[in-house]
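Analysis of the macromolecular model
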Amino acid sequence: MSKKTAAPKDSCDSAEKAVSRHFIQQIIDADLVAGKSERRVHTRFPPEPNGYLHIGHAKSICLNAGLAREYGGKFNLRFDDTNPAKEEQEYVDSIMDDVRWLGADWEDRLFFSSDYFDQLYDWAVQLIEAGKAYVCDLDADAMREYRGSLTGPGKNSPFRDRSVEENLELFSKMKAGEFADGALTLRAKIDMTSPNLNLRDPVMYRIKRAHHHRTGDKWCIYPSYDYTHGQSDSIESITHSICTLEFENHRPLYDWFCDALGIHHPQQIEFARLNITYTVMSKRKLLLLVQENHVNGWDDPRMLTIRGLRRRGYTAESIRAFCERVGVTKVNSMIDRSWLEDAVREDLNEHAPRRMGVLRPLKVVLTNIAEGEQRICEASNHPKNPEMGTREVPLTREIYIEQGDFMEDGPKKFFRLKTGGAVRLRSAGIIDCGEILKNDAGEVVEVHCTFDPDMSRKVKGTIHWVSAEHAISAEVRLYDHLFATENPDKAAEGETFLDNLNPASLEVLAEAKLEPLLANAQAGEHFQFERTGYFYADPVDSIDGKPVFNRTATLRDSWAKAKAKGKGNVKK
RNA sequence: UACCCCGUGGUGUAAUUGGUAACACUAGGGCUUUUGACGCCCUCAUUCUAGGUUCAAGUCCUAGCGGGGUAGCCA
């Protein structure tokens, strides 16, 4: 990634043209000039371990880790694990793996909010002693009632004015397990008439007997997000606490706790979360897709989870580039799904070795090549990068070409094989179309051609092919959008986002014909099958000598586009 | 009918902080081509509206309109 110089003041020597800086960089630049936080930059990524990471998290990871790197600061990974009811070690493991894969390095700074439970408890006691927190008996329903509404003020809890001594004693008993789940809460004493609902005496602690993935059964009371997050940032000396827009209304609370406690006060900054067309992004919905088997797990290549994208064949580099391109603002926006495809194509175009693979085979017999004869063709592994070398591809009498590359009476603009036409076999030579064999249904089942090794002959089209004798058969999976509508969240009356699923999002080709070298493809390798797309040897289902390929992305296809538009371009 | 945030092309971001709308993607057109790929060139905006300040406004002011968020003992 490009290294942008950070320092606003003395770096004028670098004659580079001023790269535009997003609003968070501008805030940090100003903070640095003002000498805030000893001129440090320290960020963090704070996921709750209650699900798998998705592309939206990647934006946050790239942002936070990127800022730390850019300013020569630090980046922490902290699990916000304050709600044991939803959290699991499995998620912790997968999140660490995904963050690392994305290239964000937390070095030795892996933390858990649960590391701070003791400190948080002591601070709560401190707030009680200062008359800023109290134990409340209101149950959830009553509390909601007392809270008031969006437009009207709330009213004070009848328990708001308990003595410090009583509060201390009750809180201590809460911790000791003397009350039932939900019986009492500890609340911050702020302002029940505040127009910001978050300030209407928010809950700091609730009683919840649940096994915590790290602290086990040590605690039966757990701190809330609002009471935990800012202080955790503070403990870790975070300088800039970056989160998404929906926390804007929580910022006054974040500030209130840090101020009330008199501790290091990081700055919360909110940015817009990522939305992408043809998909849903909420953890809840992704979970539903998995639970109801609409997809084959969290790592289904159609999912925009990091695991899904990885298995689809997206590279970390392409995801970073995507996040960079998307930008950082406070504007709610919807990014076109094709940007993701574009980002992988850009990366894979440069790095993926070329191969030939026929997805839907049509047999072609080269009548002037003898049975048993084998010609060796030298094919380049990359058209623009000779350093990637060449490979040998066998050509024999019987070959397969793509069904779509033959059209009996192809129109003038159809540059592939057609009656009376000629086409180039990539890296091999030219074939001239001869006899066409059909079955009873009138479908073309075999085409006879003559082979002409003259490489210098000019023809308009070039197609890919494989030797029928040498090709390997492999399973190839093609993916389309998981959802059929741009914004699946907008469901019709009486329907849910699930009704917008695309029934054709997965197509499995059991018997694609691939050039022989592909038998050695290692799980996790990327290839471009020329003219058809980028493919990734599935790391789960591939076995030695028998790879399974997932299509990462198609190649751009202006012919298909022209055809789809139907206009006169085709027939002429 | 409360509070907070946000309104620049089809999409996403820029605009030396008041100086004459830029970049990327898409779309359309063309060139190139042993991938109809890649690459290259060209085309596409009364900056939400209405007033105002100014020599000069996307940037400042006023009013309106539109979009989003918020009433978990979730994060």
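Our subject is the structure that appears above.
Just so you know, these numbers come straight off a predicted model, no measurement behind them.

Rules used throughout
- Residues numbered from 1 in each chain as written.
- Chains lettered and ligands numbered in written order.
- Predicted model: local features only at pLDDT ≥ 70, side-chain atom pairs only at ≥ 80, totals over all residues.
- Heavy atoms only, no water.
- Pairing = 2+ DSSP bridges.
- Helix = DSSP H or I, 4+ residues; strand = E, 2+ residues; numbered from the N terminus.
- Axes fitted to C-alpha atoms, helices over the stretch in contact; angles between N-to-C directions.
- Contact = heavy atoms within 4.5 Å.
- Buried < 20%, exposed > 50% of the residue type's maximum accessible area, 1.4 Å probe, protein only.
- Core = buried A, V, L, I, M, F, W, Y, C linked by side-chain atoms within 4.5 Å.
- Phe/Tyr/Trp six-rings, centres within 6.5 Å; stacked < 30°, edge-to-face > 60°.
- Lys NZ or Arg CZ within 6 Å of the ring centre and 35° of its normal.
- Near = heavy atom within 4 Å.
- Polar contact = N/O pair within 3.5 Å; in protein donor to acceptor, adjacent residues only side chain to side chain.
- Nonpolar A, V, L, I, M, F, W, Y, C, P; charged D, E, K, R; others polar.

Looking at the sheet that holds strand S6 (residues 203–207)
As summarised here, the arrangement of the four strands in space is S4-S5-S6-S7, forming an open sheet in which the pairing is antiparallel. Each edge of the open sheet carries a strand with a single partner, namely strand S4 (133–136) and strand S7 (221–223). Strand-to-strand twist in this sheet, taken as the mean axis angle between neighbours without regard to direction, amounts to 20 degrees. With four bridges connecting them, S4 and strand S5 (residues 185–188) associate as antiparallel partners. Each bridged residue has a counterpart across the sheet, and for Ala133 the counterpart in S5 is Ala188. Strands S4, S5, S6 and S7 of the sheet are contacted by helix H4 (residues 117–129), whose axis makes an angle of about 120 degrees with S6.

Details of the environment of Phe111
In this fold, Phe111 is placed in strand S3 (residues 110–112). By relative accessible area, which is 23% here, Phe111 ends up partly exposed. Counting along the chain gives 125 residues from Phe111 to Glu236, while the straight-line C-alpha distance between them is 8.8 Å. Once you skip the residues sitting within four places of it in the chain, Phe111 turns out to touch Asn76, Leu77, Arg78, Phe79, Tyr116 and Glu236.

Description of the sheet that holds strand S15 (residues 398–402)
Sheet architecture is open: seven strands sit in the order S21-S18-S19-S20-S12-S15-S22, paired in mixed fashion. Every interior strand has two partners, whereas the edge strands, strand S21 (462–463) and strand S22 (465–467), have only one. The pairing of strand S12 (residues 361–366) with strand S20 (residues 444–452) spans four bridges and is parallel. Bridge assignment links Leu366 to a residue of S20, and that residue is Cys449.

Examining the side chain of Asp405
With respect to the helices and strands, Asp405 occurs in the loop between S15 and strand S16 (406–407). Judged by its relative accessible area of 2%, Asp405 falls in the buried class. Filtering out sequence-adjacent residues up to four positions away, Asp405 remains in contact with Phe414, Arg416, Leu417, Ile463, His464 and Arg531.

Details of unusual backbone geometry
Of all residues except glycine, most have a negative phi; of all peptide bonds, most are trans. Positive phi is not limited to glycine here, since Ser427 has a value of about 65 degrees. As for its position among the elements, Ser427 is in the loop between strand S18 (422–425) and strand S19 (429–438). Judged by its relative accessible area of 21%, Ser427 falls in the partly exposed class.

A word on the pairing of strand S25 (residues 526–529)
Here two bridges tie strand S10 (residues 354–355) to S25, and the two strands are oriented parallel to one another. Within S25, the residue paired with Arg354 across the bridge is Gln528. By the bridge criterion, four bridges tie S25 to strand S26 (residues 533–537) in an arrangement that is antiparallel. Its bridge partner lying in S26, His526 is registered against Tyr536. Here S25 hands over to S26 after three residues, with Arg531 in that stretch at a positive phi of 75 degrees.

Section: the nonpolar core
Counting 38 residues, the largest nonpolar core has Ile55, Val99, Leu274, Ile276, Ile319 and Phe322 as its most contacted members. If you list the elements that add at least two residues to this core, you get helix H2 (55–70), strand S2 (74–79), helix H3 (89–101), helix H10 (306–312), helix H11 (316–326) and helix H12 (338–351). Residue contributions to this core peak at six residues, all from H2. Those residues within four positions of Ile55 in sequence are excluded, and the remaining contacts are Leu274, Ile276, Met281, Leu304, Ile306, Leu309, Ile319, Phe322 and Leu340. If you look at the next biggest cluster of nonpolar residues, it comprises 33 residues, including Tyr121, Ala124, Leu127 and Leu253.

Side note on H11
Of all the residues in H11, the buried ones are Ala316, Ser318, Ile319, Ala321, Phe322, Cys323 and Val326. Residues of H11 that are buried in the fold lie against H2, H3, H10 and H12. At the C-terminal side of H11, Gly327 shows a positive phi close to 80 degrees.

Observations regarding the packing of aromatic side chains
Aromatic rings in a pair are described by how distant their centres are and how their planes are angled relative to each other. Enumeration according to the criterion identifies 17 aromatic pairs in this entry. Above the ring of Tyr146, the side-chain terminus of Lys155 is found at 4.7 Å from the ring centroid. Sitting over the face of the ring of Phe112, Arg214 holds its NZ or CZ atom 3.6 Å from the ring centroid.

Observations concerning the environment of Ala484
Following the sequence through the fold, Ala484 ends up in the loop between strand S23 (472–479) and strand S24 (506–514). Here the alpha-carbon distance between Ala484 and Asp499, two residues 15 residues apart in the chain, equals 9.2 Å. Ignoring anything within four residues of it in the chain, the contact list for Ala484 reads Tyr278, Asn500, Leu501 and Asn502.

Some points on the protein's contact with RNA strand B
Close to RNA strand B lie 67 residues, the nearest being Arg354, Lys384, Arg416, Arg556 and Lys565. Protein-proximal atoms of RNA strand B, defined as those within 4 Å of the protein, fall in sugar or phosphate at a share of 61%. At a separation of 2.8 Å, a base nitrogen of RNA strand B approaches a polar backbone atom of Leu150. The separation between a sugar or linking oxygen of RNA strand B and a polar side-chain atom of Glu248 is 3.2 Å. Those elements giving two or more residues to the surface near RNA strand B turn out to be helix H5 (140–147), S6, H12 and helix H13 (558–565). Taken together, the residues that form the surface near RNA strand B break down as 22 nonpolar, 20 polar and 25 charged.

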